[in-house]
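Descriptive analysis of the structure
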Amino acid sequence: MGHLSAATTEAADHGRNVSMAPREATLADAGADAEPDTEPAEAARGGAMLRAATAGDGATALRAATPDDAAAIAALAAEASVGALSDRGRSFVAERHGTVAGFIRLVEAEGCWYVNPVVVAAEHRRTGLGALLMHFAHERFGELRFVARGYAVPFYEALGCEKIGWDAIAPIIATDCDGCEAAPTCRATPMRMA
């Protein structure tokens, strides 16, 4: 389902950095009609960047997160109420106008890649950035699994994701929902982007 060429991936296996050759992508590649952009995803640390044209506000640079991005990622996670982020995973950030506008973190568990989480700053939601991050990760890591908040299920379904059973979610990922303050109203839904 990814719209970015697999040829741009130099390495995407466990524990290795991912490097992407620069390529222009349009917002149409990301699904510009996307709904809410804050949901499960985490991505990788690695090489170069990908630039994507955006409607009306310049370019978005997607790149591997660096230690300098930690504070911005933590602030976005707090704003989206996704809780404290674990140290596991590989993160990518989306920059607009030199500011981190969103991130995706990918966690590998039991041979699958999990989005844990994907978050977009409030002022950049409904611009296609969440979809761009999801397609970016899908192209590089293949099938993605995640647990979506109920309100975001239509957003993910519009990207071609499908609901799956809890038995398809690794216990280390599923336990993130245990004890979560939002659990009673979240309507957590296991999903995948095949």
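A quick note: this is a predicted structure, and the numbers were derived from the prediction, not measured.

What follows is about the overall build of the chain. For the chain, the count of helices and strands is six helices and ten strands. Accessible surface for the chain amounts to roughly 8400 Å². Of this, 52% is attributable to carbon and sulfur atoms.

This part covers the nonpolar core. Core analysis: the biggest nonpolar cluster contains 30 residues, and Ile104, Met134, Leu144 and Tyr156 have the highest contact counts within it. The set of elements that each furnish at least two residues to this core consists of strand E4 (59-64), strand E5 (90-96), strand E6 (99-109), strand E7 (112-120), helix H3 (129-141), strand E8 (144-148), helix H4 (153-158) and strand E10 (189-193). With eight residues, the single largest contributor to this core is H3.

Looking at the element boundaries, Arg105 is found in strand E6. Within polar-contact distance, the side chain of Arg105 engages the side chain of Ser91 at 2.9 Å.

Once that is clear, we can look at the pattern of salt bridges. Applying the stated criterion to the full structure yields seven salt bridges. In this structure, the salt-bridge partner of Glu79 is Arg125, at a minimum N-O distance of 3.6 Å. Taken together, the residues span a long stretch of sequence, with Glu79 in helix H2 (residues 70-79) and Arg125 in the loop between E7 and H3 at a distance of 46 residues. Between Glu143 and Arg145 there is a salt bridge, and its shortest N-O distance comes to 2.8 Å. Judged by its relative accessible area of 18%, Arg145 falls in the buried class. Linked through salt bridges whose partners overlap, the residues forming this network are Glu143, Arg145, Glu162 and Arg192.

Analysis parameters
Residues numbered from 1 in each chain as written. Predicted model: local features only at pLDDT ≥ 70, side-chain atom pairs only at ≥ 80, totals over all residues. Heavy atoms only, no water. Helix = DSSP H or I, 4+ residues; strand = E, 2+ residues; numbered from the N terminus. Areas by Shrake-Rupley, 256 points an atom, 1.4 Å probe, with all protein chains shown as cover. Core = buried A, V, L, I, M, F, W, Y, C linked by side-chain atoms within 4.5 Å. Buried < 20%, exposed > 50% of the residue type's maximum accessible area, 1.4 Å probe, protein only. Polar contact = N/O pair within 3.5 Å; in protein donor to acceptor, adjacent residues only side chain to side chain. Salt bridge = Lys/Arg side-chain N within 4 Å of Asp/Glu carboxyl O.

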